[in-house]
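Given next are the chains, with one letter for each unit.
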Amino acid sequence: MTAEIIVVTSGKGGVGKTTTSASLATGLAMAGKKVAVIDFDVGLRNLDLIMGCERRVVYDFVNVVHGEATLKQALIKDKRHDNLFVLAASQTRDKDALTQEGVEKVLDGLSEDGFDYIVCDSPAGIEKGAHLAMYFADMAVVVVNPEVSSVRDSDRILGLLASKTRRAERGEPAVRQHLLLTRYNPARVANGDMLSVKDVEEILGISVVGVIPESEQVLAASNSGVPVILDEASNAGHAYHDTVARILGEERALRFLEVPKKGFLQRVFGG
């Protein structure tokens, strides 16, 4: 059986792609799947930090692409889940260090090793790394903040997913596209300062697979090297669990879309 390749992508930076890649990969592993998550952002490299394995990087994705290391040498096993592996990006190479043939060789190797899912953490925008991250994808999770500039930039990515992938070139069924809204703030939506889920779906014409509420725990989790999906006390963590369940075919209602109602004491004393 071949691995399902999921690209996590966006039109602009800073929307939460790497946080999403880490949480989706972890959630799929928690569901019993064998998962590899790959950092395509050559030169920057953040995924290993968020996964908490930065000190264990010896060989990276570029080393494997260029035959300087084997997959077995470069894959880092997650400390928390035996069926989850990280392939870090190189900090010392430039953006042209990845090649289409090299990326294909790595993805085929992971598939042959029995991986169920390969999550590709794409750099932002439309440069080479982003194109290679999406080229072999079966499914795309397009990460969007509910604001006009982010949505507009994502529209361009949807166009590339429809036309510049291996599936498009071969005339195969299109890459399945899902939107993931991050930093969603129901109070700002209610005030008209932020687009609603319905607004974003209507503008881009594809449905939302998850809505991640704005949360300080996301940054705290990233800084401590723990994917936020593992934070049981965080609404963002619960929202990522829901998203993984939907990706695996389960039907779950969207949560955290309403402004939280104030409790009795808050209504009486304010706050």
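On a predicted model such as this, the values are computed, not experimentally measured, just so you know.

The rules behind each value
Residues numbered from 1 in each chain as written. Predicted model: local features only at pLDDT ≥ 70, side-chain atom pairs only at ≥ 80, totals over all residues. Heavy atoms only, no water. Helix = DSSP H or I, 4+ residues; strand = E, 2+ residues; numbered from the N terminus. Rg over C-alpha atoms; globule rule 2.2 N^0.38 Å. Buried < 20%, exposed > 50% of the residue type's maximum accessible area, 1.4 Å probe, protein only. Areas by Shrake-Rupley, 256 points an atom, 1.4 Å probe, with all protein chains shown as cover. Lys, Arg positive; Asp, Glu negative; His and termini not counted. Charge placed at Lys NZ, Arg CZ, Asp CG, Glu CD. Salt bridge = Lys/Arg side-chain N within 4 Å of Asp/Glu carboxyl O. Pairing = 2+ DSSP bridges. Axes fitted to C-alpha atoms, helices over the stretch in contact; angles between N-to-C directions. Parallel < 35°, antiparallel > 145°, perpendicular 65-115°, else oblique. Left-handed = near helix turned anticlockwise from the far one by under 90°. Contact = heavy atoms within 4.5 Å. Phe/Tyr/Trp six-rings, centres within 6.5 Å; stacked < 30°, edge-to-face > 60°. Lys NZ or Arg CZ within 6 Å of the ring centre and 35° of its normal.

(A) How the structure looks around the overall build of the chain. Each helix and strand in the chain was counted, giving 13 helices and 8 strands. Here the C-alpha atoms of the chain give a radius of gyration of 19 Å, agreeing with the 18 Å that 2.2 N^0.38 yields for 271 residues. By its C-alpha atoms, the chain is 65 × 40 × 35 Å across when sized along the principal axes. Taken over 271 residues, the chain has a buried fraction of 53%. By element, 49% of the accessible surface of the chain is carried by carbon and sulfur atoms, the whole surface being about 12400 Å². Of note, the chain has its 31 positive side-chain charges centred 3 Å away from the centre of its 37 negative side-chain charges.

(B) A look at the pattern of salt bridges. Under the definition given, this model contains 11 salt bridges. The salt bridge involving R176 is made with E4; its shortest N-O contact spans 2.3 Å. Of this pair, R176 sits in strand β7 (residues 176-184) while E4 sits in strand β1 (residues 4-9), and the two are 172 residues apart along the sequence. By relative accessible area, R176 is classed as partly exposed at 38%. Where R252 meets D242, a salt bridge forms, and the shortest distance between an N and an O atom there is 2.9 Å. Separated by 10 residues along the polypeptide, R252 in the loop between α12 (235-247) and α13 (264-269) and D242 in helix α12 bring together distant segments of the chain.

(C) Seen up close, the pairing of strand β2 (residues 35-39). Of all the 5 residues making up β2, 5 are buried; the element is thus mostly covered by neighbouring parts of the structure. Burial along β2 is two-sided: the residues V35, V37 and D39 and A36 and I38 are all buried. As judged from the 4 bridges shared by β2 and strand β4 (residues 84-87), these two strands associate in the parallel manner. Within β4, the position partnered with A36 by the bridge is F85. Two strands pair when backbone bridges link them, and β2 and strand β5 (residues 117-121) are joined in this way by 5 bridges, in the parallel orientation. Looking across to β5, one finds that A36 is bridged to I118.

(D) Region of interest: the packing of helix α7 (residues 148-163) against helix α10 (residues 197-204). At a minimum axis distance of 10 Å, the contact between α7 and α10 shows a crossing angle of 40°. In terms of orientation, α7 and α10 fall into the oblique class. α10 is crossed by α7, and the crossing has right-handed handedness. For the pair α7 and α10, contact is made by V151, S154, D155 and L158 and by V200, I203 and L204, respectively.

(E) Representation of the packing of aromatic side chains. Applying the stated rule across the entire model yields 3 aromatic pairs. Look at F85 and F115: their rings are 5.6 Å apart centre to centre, the planes differ by 80°, and that puts the pair in the edge-to-face class. Of this pair, F85 sits in strand β4 while F115 is found in the loop between α5 (100-112) and β5, placing the two residues 30 residues apart along the sequence. Measuring from centroid to centroid gives 4.8 Å for Y135 and F136, while their planes differ by 90°, and the two rings are edge-to-face. Here Y135 and F136 have matching classes, each one buried. Across the ring face of F115, the terminal group of K34 is positioned such that the distance to the ring centre comes to 4.5 Å.

(F) Focus on the sheet that holds β2. Strand order in the open sheet made by the 8 strands is β3-β4-β2-β5-β1-β6-β7-β8, with mixed pairing throughout. Looking at the sheet topology across the chains shown, the edges are occupied by β3 (76-77) and β8 (208-213). The sheet strands contacting α12 are β1, β6 (139-144), β7 and β8, and the helix crosses β8 at an angle near 170°.

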